[in-house]
Amino acid sequence: MAKVKLHTGPGVFEVLANVCRNPQEALKQFVENAADAIDQARTEEGYIWLRLEYAPGGNGQKQGTLRRIAIQDNGIGMNQEKMNQVLHRIGDSEKLHLALRGEQGIGLLAFALIAQELHLASTAEEGSPSNCLVLKRPWLKRGYAEIVERCPVHEHTQ
């Protein structure tokens, strides 16, 4: 596990507040990031898979509160070095120069509007174990993040 200092560009939280005014816009940021990853991979058959899991409902409700959001794509992926680089460039994203959908790398921080923590599991090479970038809402003020090699919770190789 690597502990990483989160570096943000000037005014990134103000930009985040304007881009993500509600949970649906925060979720949209994650889908756009997945679409960007597919564009960068230049794959013929790109896909984005979105799954919402709810806790069982109570008091006669059919469904309870949203418990987990999972978004999966077959985009370019990231290795541990790339995850570290992304954390050091939020607000100063390379996407600005690539004409992609993302907004200055702030989609990564959008999780704070809809969840207590984010686990971004990714592998940059088919067949290699995934790394997991972990952000928690309380960590944001301290500028703290973790990158876990071979995350046992999110182990995958594609």
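Before going into details, it helps to say that this report is about the structure given with it. What you see is a predicted model, and the numbers here were worked out from it, not measured in a lab.

Calculation notes
Residues numbered from 1 in each chain as written. Predicted model: local features only at pLDDT ≥ 70, side-chain atom pairs only at ≥ 80, totals over all residues. Heavy atoms only, no water. Helix = DSSP H or I, 4+ residues; strand = E, 2+ residues; numbered from the N terminus. Buried < 20%, exposed > 50% of the residue type's maximum accessible area, 1.4 Å probe, protein only. Salt bridge = Lys/Arg side-chain N within 4 Å of Asp/Glu carboxyl O. Phe/Tyr/Trp six-rings, centres within 6.5 Å; stacked < 30°, edge-to-face > 60°. Patch = residues over 30% accessible without salt bridge, like charges linked within 9 Å, V, L, I, M, F, W, Y side chains within 5 Å. Areas by Shrake-Rupley, 256 points an atom, 1.4 Å probe, with all protein chains shown as cover.

### Thoughts on unusual backbone geometry
Here's step 1: Phi angles above zero are rare outside glycine, and R42 is one such case at about 55 degrees.
Here's step 2: You can see R42 is positioned in the loop between α2 (23-41) and β2 (48-56).
Here's step 3: You can call R42 exposed: its relative accessible area is 74%.

### Considerations on the pattern of salt bridges
Here's step 1: Here the structure, examined in full by the defined rule, presents 4 salt bridges.
Here's step 2: Measuring nitrogen to oxygen at the nearest pair gives 2.8 Å for the salt bridge that ties E32 to K28. Here the residue E32 and the residue K28 both occupy positions in helix α2, the gap between them amounting to 4 residues, near one helical turn.
Here's step 3: E32 sits in the buried class, given a relative accessible area of 15%.
Here's step 4: Under the relative-accessibility criterion, K28 is labelled partly exposed at 44%.
Here's step 5: One salt bridge connects E53 with R68, and the closest N-O pair in it is separated by 3.2 Å. Of the two residues, E53 sits in strand β2 while R68 sits in strand β3 (residues 63-73), which places them 15 residues apart along the sequence.

### Quick word on the packing of aromatic side chains
Here's step 1: Inspection of the entire model under this criterion finds 1 aromatic pair.
Here's step 2: Measuring from ring centre to ring centre gives 4.5 Å for W139 and Y144, while their planes differ by 75 degrees; the resulting arrangement is edge-to-face. The pair W139 / Y144 is uniform in exposure class, with both members buried.

### Examining a nonpolar patch on the surface
Here's step 1: Together, L50, L52, Y54, L66 and I69 line one region of the surface with nonpolar side chains, adding up to about 400 Å² of accessible area.
Here's step 2: Among the secondary structure elements, those contributing two or more residues to the nonpolar patch are β2 and β3.
Here's step 3: Here the element with the most residues in the nonpolar patch is β2; it accounts for 3 residues.
Here's step 4: With respect to the helices and strands, L52 occurs in strand β2.

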